[in-house]
Amino acid sequence: MDASGPTETPAPLPWERMARGGGLLGADGRPGGTVFERMSRLAARTGAINLGQGFPDVDGPPQMLEAAVAALRGGGNQYSPVAGTPQLREAVAEHQARFYGIDVDPEHGVLVTVGASEGIAAAMLAFLRPGDEVVVLEPHYDLYGAVAAFVGARLVTVPLEPPRFAPEPDRLAAAFGPRTRMVLLNDPHNPTGAVLDDAALGQVAALAAAHDCVVVTDEVYEHLRYPGPHRPLAAVPGAFERTLTVSSVGKTFSATGWRVGWVSGPRRLVEAVRATKAYLTHSAATPLQLAAATALGSPDAFYAELTEDFRRRRDVLVAGLAAAGAHPARPQGTFFVVADVSALCARHGAADATALAPVLAEEAGVVGVPVSALASAARAGDYGDWMRFSFGKRPEVLEEAVRRLAG
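Throughout what follows, the structure given in this document is the object of discussion. Since the model is a prediction, treat every value here as computed from it, not as a measurement. (Residues numbered from 1 in each chain as written. Predicted model: local features only at pLDDT ≥ 70, side-chain atom pairs only at ≥ 80, totals over all residues. Heavy atoms only, no water.)

Here the focus is helix α13 (residues 353-364). For α13, spanning 12 residues, the distance from its first C-alpha to its last is only 14 Å, which falls clearly below the expected 16 Å at 1.5 Å a residue. Listing the buried residues of α13 in full gives Ala 353, Leu 356, Ala 357, Val 359, Leu 360, Ala 361 and Ala 364. Lining the buried residues of α13 we find α2 (35-46), α12 (342-348), β11 (366-367), β12 (369-370), β13 (386-390) and α14 (395-406). By the N-cap criterion, in which a side-chain oxygen at the helix start approaches the backbone nitrogen of a residue two or three places on, α13 is capped by Asp 352, the distance to Thr 354 being 3.2 Å. A positive phi of about 75° marks Gly 365, the residue just after α13. (Helix = DSSP H or I, 4+ residues; strand = E, 2+ residues; numbered from the N terminus. Expected span 1.5 Å × (residues − 1). Buried < 20%, exposed > 50% of the residue type's maximum accessible area, 1.4 Å probe, protein only. Contact = heavy atoms within 4.5 Å. Polar contact = N/O pair within 3.5 Å; in protein donor to acceptor, adjacent residues only side chain to side chain.)

What follows is the structure in structure tokens.
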């Protein structure tokens, strides 16, 4: 035996913590792709319609695209300030006032980021310490767990149980404790399509105040809310001073590849995120920021038509899933619908939605994402029979997908 004693197992490297927190490490400890990448590869290999990854299949409004071309040709091709172009920061502030009555300082209360993902990550890196706890709704976007693990924080999840997908007030209250440092709130909610009512928003605001924690709201689907206008947590009385609101150009304006997002809120919080973001990417693409400013100033009719267009697409896919034998939960927001596919699993001899995914790709020519991939290991079984499908596609694509599912 070595006299020096047993060799200690080295602590995981930072990338390993992040990969494990995001669910990228396999049983062998080797990193793989995200569930969205895996499902997109499955769609490409089988020629299936990809209703798994959440991106539209059309370009954004013409005036936005023309503004990008004009910026490219007009000299807008150098670094922007770290905080973003003045034009986009002003447009974000005007948007928050126009739609929500929130008064944001464009100079010190708005930060432009490389997509909403960077805004969320920078906010988490700015305020979380090892041992801190972050309250999140479950299931959730995989980025949340990845960044929390990277900094040594821990997610405390509040399950949205099927088929209602609404947070239970007692469970929400129980998630807060002496180590709670942050609430990360996704509303409208991906993947379930749920939206929070005024009572839930009020409870989150009250709990965050009682525990003196920062709230980061992921609101990228703010203009895809079907029961009525979106209400940000920052608009709840007393909540603005502790809330960072995150959104982007990607979902509303069908430009997910532009990677232009923003964070808005009180100066003391935004400046901390800015200091963190400065050493991640410095600045987002200048011409695309200028075009995003144009897009945000679109008339009310654009936003109303957008919501109605996606409502119609939603109804096509919900009806098609039901006709195919699934049990969809009608989403109140986003461009995703989750469906109980247990009947399809039984029909095809699949143990759960994860096992059904390749069967649907091969036999029906449609790809979705198993919801369990977006849940913690402890809760994955609660969503084992559920699959997420995107209706952020052209109507003719959705109709073909419905036809395939019916077959």
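The subject of this paragraph is the sheet that holds strand β6 (residues 214-218). Strand order in the open sheet made by the 7 strands is β2-β8-β7-β6-β5-β3-β4, with mixed pairing throughout. One side of each edge strand has no neighbouring strand; the edge strands of this open sheet are β2 (110-113) and β4 (154-159). The sheet shows a mean angle of 20° between the axes of neighbouring strands, direction not considered. Examined bridge by bridge, strand β3 (residues 133-138) and strand β5 (residues 180-186) share 4 bridges and lie parallel to one another. Counterpart to Val 136 in the pairing with β5 is Leu 184. Strands β2, β6, β7 (243-248) and β8 (261-264) of the sheet are contacted by helix α9 (residues 267-277), whose axis makes an angle of about 25° with β2. (Pairing = 2+ DSSP bridges. Axes fitted to C-alpha atoms, helices over the stretch in contact; angles between N-to-C directions.)

Read across the open sheet, the 4 strands follow the order β9-β10-β13-β12; overall the sheet is antiparallel. Two strands lie at the open edges of the sheet, namely β9 (327-329) and β12, each paired on one side alone. With 2 bridges connecting them, β12 and β13 associate as antiparallel partners. From the neighbouring strand, Val 369 faces β13, where its bridge partner is Arg 388. Set on the sheet, α13 makes contact with β12 and β13; between it and β13 the angle comes to about 45°.

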